[in-house]
Amino acid sequence: MFLEEAFMTQDSNLEGLKKTVMVSKSQEELQIGMQRVHDWTHMYHLADGRRNLIEWLPGDKKASVLEVGSECGALTGMLSEKYGAVTALEISPEKAEIAKIRLADRENINWLIGGLEQIGEEKFDLIFSIGSLPLAEEYLKLAGESEKKKGEAGRDPYISMLKKLNGLMANGGRLILA
């Protein structure tokens, strides 16, 4: 398959994204190709325009980072450039596979697939939850912490997820939400 054909595909599914990433030989080639794509799915998941959400933050090669909702790696790559160790958590195995292919050359990324139960007891200097808060109930459900337990009416999955993320922060750590 030619690179241009992969970029021009209007697939709005993950298989189309995977094809695009697989035929790109580098991140630079991927971004050049992305300049010709105008469908939302490709732009959201693969274009580097979303970097402005985090490029203003100072980097620290000693810092550990948790990215909750890494999706197809649109921000994960930049996080791995700026910080020493990145743990990328994604609930979708398909999106995680695309991110792993896309960022296969990055040695400082630890990929986790599933809910918040995957994290364990590790503490992080920075936690990024960009676009994942609406999926709070799913992240908690996978962690066995469903908010719909009998006798606990009124519990809010968003508050529960934020409390869980707060518990994963190192002393002096920061939580970045968008």
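An account of the accompanying structure is given in this report. (Residues numbered from 1 in each chain as written. Predicted model: local features only at pLDDT ≥ 70, side-chain atom pairs only at ≥ 80, totals over all residues. Heavy atoms only, no water.)

### Describing the environment of A88
Within the element layout of this structure, A88 appears in strand 2 (residues 83-90). Overall, A88 belongs to the buried group, its relative accessible area being 0%. In sequence terms A88 and S70 are 18 residues apart; their C-alpha atoms lie 5.6 Å from each other. In this view, A88 contacts E67, S70, T76, I109, N110, W111 and L112; residues no more than four positions away in its chain are not counted. (Helix = DSSP H or I, 4+ residues; strand = E, 2+ residues; numbered from the N terminus. Buried < 20%, exposed > 50% of the residue type's maximum accessible area, 1.4 Å probe, protein only. Contact = heavy atoms within 4.5 Å.)

### Quick word on helix 8 (residues 157-167)
Here helix 8 has its buried residues at P157, S160, M161 and L165. Buried residues along helix 8 cover an arc of 135° about the axis, so they all sit on one side. Backbone nitrogen of Y158 and a side-chain oxygen of the N-cap are separated by 2.8 Å at the start of helix 8; the cap is D156. (Arc of directions from axis to C-beta. Polar contact = N/O pair within 3.5 Å; in protein donor to acceptor, adjacent residues only side chain to side chain.)

### Here we look at helix 6 (residues 93-102)
Among the residues of helix 6, those classed as buried are K95, A96, I98, A99 and R102. Seen along its axis, helix 6 keeps its buried residues to an arc of 160°; they face one direction.

### Thoughts on the sheet that holds strand 3 (residues 109-113)
Sheet architecture is open: five strands sit in the order 3-2-1-4-5, paired in parallel fashion. Pairing within the sheet leaves two strands with one partner each, and these edge strands are strand 3 and strand 5 (169-177). Averaged over all pairs of adjacent strands, the angle between their axes in this sheet comes to 20°, without regard to strand direction. Sheet analysis places strand 1 (residues 60-68) next to strand 4 (residues 124-129), joined by four bridges and oriented parallel. The partner of V65 across the bridge, within strand 4, is L126. Where helix 6 meets the sheet, it contacts strand 2 and strand 3, and its direction lies at approximately 165° from that of strand 3. (Pairing = 2+ DSSP bridges. Axes fitted to C-alpha atoms, helices over the stretch in contact; angles between N-to-C directions.)

### Concerning the packing of aromatic side chains
Enumeration over the complete set of coordinates arrives at one aromatic pair. Relative to F128, the ring of Y83 lies with its centre 6.4 Å away and its plane at 45°, an arrangement referred to as tilted. On the criterion of sequence distance, the pair formed by Y83 in strand 2 and F128 in strand 4 is long-range, its members being 45 residues apart. The class of F128 is buried, set by a relative accessible area of 1%. (Phe/Tyr/Trp six-rings, centres within 6.5 Å; stacked < 30°, edge-to-face > 60°.)

Just distances and angles here, no functional claims.
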